[in-house]
Amino acid sequence: MSLSEPAATTALPSTEAARWRASLRAARERLESARSVPPLLPDTGDASDGEDDSHQNPDLAVAYWLRVSAAWGWRLLVLAGVGWVVLTLAGRLAQVLVPLSIALLLAALLAPMVRILRERLRLPASLATAIVLFGGVLLTVGFLTLLVTQLVDGMPGLAENASAGLRQVREWLRTGPLHLSTRQLDGTFDAAGTWVSDNRQNLTSGLFATAGAGFEVLITAMLVIVVTFFFLRDGHRLWRLATFALPRRARRPVLEAGDAGWLTLVAYVRATVIVAFIDAVGIGLALVLLRVEFAFVLAALVFLSSFIPIVGATVSGAVAVLVALVDQGPLTALIVLSAVVLVQQLEGHVLQPLIMGRAVAIHPLAVIVALAAGIAVAGIIGALVSVPIIAVLNTALRHLMHRQPPRAPDAVVVSADPAP
């Protein structure tokens, strides 16, 4: 049957004629779409003409699945090469990138206070930034001084308790279920002493290296303070200047993506500070009630380590339990362990969803990979800054891909502020 309309269609009822016309139109559309779709396999041509189209287009001689796999393969290789170059450059420039990252985090933390001084008190930008930054430096110095004082005052008592605890462990190993002999215990402790003697040079060299790096740490701290000052005062202006190096059509999307990433960073830093403070107060209160030595120092350790997701809370909790075991005994250590587990469960199931919201909308596996990469590149500092950097990049890339502003981080307690 031909696809053209028959002349007898006019003699049919109007409903039947309309049905015929609709079916003919659908057949034409199917025929045109079939002609426009490229074949999955190379067309070998008609047997009568004996010509092969693969001579005109060699790609048609390769199977379709192999062409697709090769296209994916070289693109993935390019991405892997770019990632390797980026990580290599980050490792080489860690002494510059780490202070810049820390300054960016500090700027995100202090930006709301600078904004309050500039908008409510009508202070100049430089004066408001200097007041906030100088106050933060004084607060940090006072905090560190208090920590060192607590350590110096409590270290002799903790050392005595550690010696007593070691004697108790040795007695338990001798009279307990293991029934180790005095010769075996002496051999074990002598082996431990021999290992310490053999590795004393490595241990002391690391200590001296750390002490020798004090001047470098001071220079890095000064660099962080100076960069933080300019980030707080001229952050948005610096970002605008950076976008001028891009093509004109790309400036506005990149500028908006940077603003969205800044909002995410502000929400992340402020939410992390609140969660870390609640963790430190909860565990520190348990240590104070149980009269564990270095309660304030351990609470400060919990606060600082909470900035490293997943790993920090576990390490600081283990240190608190060990100090309680040495200072007060197994029963107190078990109570401290229960308090640490309770606080961490409260953080994971209540505080993080309530306060964080979608400030960090990335998968936990991405967090673990970011932590591993940060530790490999810059150690503890890398673990500190890797997750917020990934969060900012995630928000900025989503903004560029969708070409529309993403929803602001829905924080119940924390709300994002605009750039200073």
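Parameters and conventions
Residues numbered from 1 in each chain as written. Predicted model: local features only at pLDDT ≥ 70, side-chain atom pairs only at ≥ 80, totals over all residues. Heavy atoms only, no water. Helix = DSSP H or I, 4+ residues; strand = E, 2+ residues; numbered from the N terminus. Contact = heavy atoms within 4.5 Å. Areas by Shrake-Rupley, 256 points an atom, 1.4 Å probe, with all protein chains shown as cover. Axes fitted to C-alpha atoms, helices over the stretch in contact; angles between N-to-C directions. Parallel < 35°, antiparallel > 145°, perpendicular 65-115°, else oblique. Nonpolar A, V, L, I, M, F, W, Y, C, P; charged D, E, K, R; others polar. Buried < 20%, exposed > 50% of the residue type's maximum accessible area, 1.4 Å probe, protein only. UniProt positions renumbered as here; feature names shortened; annotations may be inferred. pLDDT = per-residue confidence, 0-100.

**Q** Where do I start with the overall build of the chain in this structure?
**A** Scanning the chain from terminus to terminus reveals twelve helices and zero strands. The linear arrangement of helices and strands in the chain, starting from the amino end, is α-α-α-α-α-α-α-α-α-α-α-α. Residue pairs in contact within the chain that sit at least 24 positions apart in sequence constitute 68% of those at least 6 positions apart. Per element, the accessible surface of the chain, about 27,400 Å² overall, is 69% carbon and sulfur.

**Q** Explain the side chain of S101 here, please?
**A** Along the chain, the position of S101 falls in helix 3 (residues 94-119). Apart from the residues lying within four places of it in its own chain, the contact partners of S101 are V385 and I389.

**Q** Whenever I open this one, the packing of helix 3 against helix 8 (residues 248-289) confuses me. Can you help?
**A** Helix-helix packing: each pair is described by the crossing angle between the helix axes and the interaxial distance. It is at 9 Å that the axes of helix 3 and helix 8 come closest, and there the two elements cross at 80 degrees. Classified by the angle between their axes, helix 3 and helix 8 sit roughly perpendicular to one another. For the pair helix 3 and helix 8, the contacting residues are L104, L105, A107, A108, L109, A111 and P112 in the first and W262, L265, V266, V269, R270 and V273 in the second. A per-class count over the contact of helix 3 with helix 8 returns twelve nonpolar, no polar and one charged.

**Q** I tried to follow unusual backbone geometry on my own but got confused; where do I start?
**A** As a rule of thumb, non-glycine residues mostly have phi less than zero, and peptide bonds are mostly trans rather than cis. A positive phi angle, close to 60 degrees, is found at R122, a residue other than glycine. Turning to its location among the elements, R122 is positioned in the loop between helix 3 and helix 4 (125-175). The class of R122 is exposed, set by a relative accessible area of 68%. A positive phi is found at R291, a non-glycine position, where the angle reads about 60 degrees.

**Q** What is the right way to read the UniProt feature "transmembrane region" (unreviewed entry) in the chain from this model?
**A** Under the UniProt annotation, the feature "transmembrane region" (unreviewed entry) is placed at residues 72-90, 96-114, 126-148, 207-232, 260-288, 294-322, 329-346 and 366-393. Between the C-alpha atoms that bound residues 260-288 the distance is 42 Å, and the span itself is 100% helix and 0% strand.

**Q** Help me out: how do you make sense of the confidence of the model for the chain in this one?
**A** Atomic detail in the predicted coordinates should be set aside for any region of low pLDDT. Scored by pLDDT, the chain comes out at a mean of 75, with 71% of its residues at no less than 70. The lowest-confidence element of the chain is helix 6 (residues 200-212), averaging 47 in pLDDT; the highest-confidence one is helix 2 (residues 64-92), averaging 88. Every residue in residues 1-12 scores below 50 in pLDDT, and together they form eleven contacts with partners more than four places removed in sequence or on other chains. Contacts for the low-pLDDT stretch residues 40-51, under 50 throughout, to residues beyond four places or in other chains number eight contacts.

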